[in-house]
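Residues per chain, in single letters:
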Amino acid sequence: IRPPQSGYVRPCQTGRMSVIENSKLTVVGAGSVGSSTAYAALIRGSARHVALYDIATEKVEAEVLDLAHGTQFTGTSDIVGGSDLSVVEGSHVVVITAGAKQKPGQTRIELASTNAGILRAMMPQLLEAAPNAIYVIVTNPCDVLTVLAQEATGLPPERVFASGTVLDTSRLRWLLARRAGVSTSSVHAQIIGEHGDTEFPHWSRATIGSVPILDWRPAGGAPMTEAELEQIAVDVRDAAYTVIRGKGATNYAIGLSSARIVEAILHDEHAIMPVSTVLDDFHGISGVALSVPSIVSASGAAPIRQTDFSDRELDLLRHSADALRSVADSLRA
């Protein structure tokens, strides 16, 4: 099936862009994460057209067929796909999930060499097919791969960024909500830094509603302690390892979080999300991609430079940057 023609961004009277008409999302990679992302985007109506691209012809055609069979129940979105690069043409957003998957006990950083090679070969082809798209990298280690993708393509940092700690933040809010006895949407807390072992919660700005996290008193319960918060941070950091050990891969939640990022772009929401962009003098950090609170819109992702951190959090952010810079340098050698 031929991909639809590209739509356009309609400006609104405020000067901001509005919803992209006839919007198209392409998901690259028909594995468990890519297929789950396409599935989530169809169910949520994230884009008018959803495409799935993979070099494995039989696999991607089967996934597209399976998804297409359910489109009676998914509203107005449609699904196309295949192993021909023309599938990507006309995309407004390209979500990249292709690569080797993380094995039980393996860190995201240990995936770096294999997936860096895949990304370097793929990015020029994708950019030729969709030169005006915004690229969201989900393949791990997503922070390192974002730096390499930005260098390989010359795209401005706002147009190629990683899903970062958007999912980690959802995990954090779910755990805090259960402990506080409130809805997840009432928890305002974010995970910062690497999407991986050096990530950390932004506790100094975390609240339940408008109440600082340590001041919250659950009905009939005791307030949270610093020791509890430390354990929650560990549980968030290790959550992916737990899921991978039990079922072999994480896919549903990352699919949903990726679809949510796509919506913020296509709907020009100016939503604040902890996505991972290549930083330029962000609290003195440059040249590495880290997740920090960023504004996500039709223009891409822009870090919020006014974000405040405690002294300890700044130390943790710099530690995260140093760890990722070391990995990226090793892959350039």
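Shown above is the structure to which this text applies.
Residues numbered from 1 in each chain as written. Predicted model: local features only at pLDDT ≥ 70, side-chain atom pairs only at ≥ 80, totals over all residues. Heavy atoms only, no water.

> Which residues make up the overall build of the protein, and what values go with them?
Counting its secondary structure elements, the protein contains nine helices and 18 strands. For 333 residues, the compact-globule estimate of 2.2 N^0.38 gives 20 Å, and the C-alpha radius of gyration of the protein, at 19 Å, lies within 12% of that figure. Across the 333 residues of the protein, 53% fall into the buried class. For the protein, the proportion of contacts with a sequence separation of at least 24, taken over those separated by at least 6, is 69%. Only carbon and sulfur atoms are counted for the fraction: they give 53% of the accessible area of the protein, which is about 14,700 Å². With 27 positive and 35 negative side-chain charges, the protein shows a separation of 3 Å between the mean positions of the two kinds. (Helix = DSSP H or I, 4+ residues; strand = E, 2+ residues; numbered from the N terminus. Rg over C-alpha atoms; globule rule 2.2 N^0.38 Å. Buried < 20%, exposed > 50% of the residue type's maximum accessible area, 1.4 Å probe, protein only. Contact = heavy atoms within 4.5 Å. Areas by Shrake-Rupley, 256 points an atom, 1.4 Å probe, with all protein chains shown as cover. Lys, Arg positive; Asp, Glu negative; His and termini not counted. Charge placed at Lys NZ, Arg CZ, Asp CG, Glu CD.)

> Any chance you could break down the environment of valine 64 for me, citing the residues and the numbers?
Checked against the element boundaries, valine 64 lands in helix α2 (residues 57-68). What makes valine 64 buried here is its relative accessible area of 10%. Distance from valine 64 to isoleucine 79, taken between C-alpha atoms, is 6.6 Å for residues 15 residues apart in sequence. Excluding residues within four positions of it along the chain, valine 64 makes contact with Leu52, Ile79, Val80 and Gly81.

> Which residues make up unusual backbone geometry, and what values go with them?
Between asparagine 140 and the following residue, proline 141, the backbone shows a cis peptide bond with an omega angle of -5°. Mapped onto the elements of the fold, proline 141 is located in the loop between β7 (134-137) and α4 (142-153). The backbone of aspartate 268 sits at a positive phi, close to 50°, despite the residue not being glycine. In this structure, aspartate 268 sits in the loop between α8 (252-266) and β14 (271-273). Take aspartate 268: its relative accessible area is 4%, and that puts it in the buried class. Backbone geometry places aspartate 281, a non-glycine residue, at a positive phi of 55°. Turning to its location among the elements, aspartate 281 is positioned in the loop between β15 (276-278) and β16 (289-291).

> Give me the lowdown on the pattern of salt bridges, citing residues and values where you can.
Taken as a whole, this structure holds ten salt bridges when the rule is applied. The closest approach of N and O atoms between arginine 237 and aspartate 238, which form a salt bridge, is 3.0 Å. With relative accessibility at 23%, the residue aspartate 238 sits in the partly exposed group. A salt bridge links glutamate 269 to arginine 260; the shortest N-O distance between them is 2.7 Å. We classify arginine 260 as partly exposed; its relative accessible area is 27%. (Salt bridge = Lys/Arg side-chain N within 4 Å of Asp/Glu carboxyl O.)

> Tell me what's going on with the nonpolar core, and back it up with residues and numbers.
Within the largest apolar cluster, 45 residues are counted, with the highest numbers of intra-cluster contacts made by Ile96, Tyr135 and Leu317. Of all the secondary-structure elements, those providing two or more residues to this core are β4 (49-53), β6 (93-96), α3 (112-129), β7, α4, β8 (160-162) and α9 (311-332). For this core, the element with the highest residue contribution is α3, accounting for eight residues. Setting aside its immediate chain neighbours within four residues, leucine 317 contacts Ile192, Gly193, Phe200, Phe282, Ile285, Leu290, Val292 and Phe309. By size, the runner-up hydrophobic cluster in this structure holds 36 residues, among which are Ala30, Ala47, Val50 and Ala264. (Core = buried A, V, L, I, M, F, W, Y, C linked by side-chain atoms within 4.5 Å.)

> So, the sheet that holds strand β17 (residues 294-297): which residues are in play, and what are the values?
Pairing in this open sheet of three strands is antiparallel, and the strands run β14-β17-β18 from one edge to the other. Looking at which strands have only one partner, the edges of the open sheet turn out to be β14 and β18 (300-303). Strand after strand, the sheet turns through a mean of 35° between neighbouring axes, direction not considered. Where β17 and β18 come together, four bridges link them in antiparallel fashion. Of the residues in β18, the one forming a bridge with serine 294 is proline 303. (Pairing = 2+ DSSP bridges. Axes fitted to C-alpha atoms, helices over the stretch in contact; angles between N-to-C directions.)

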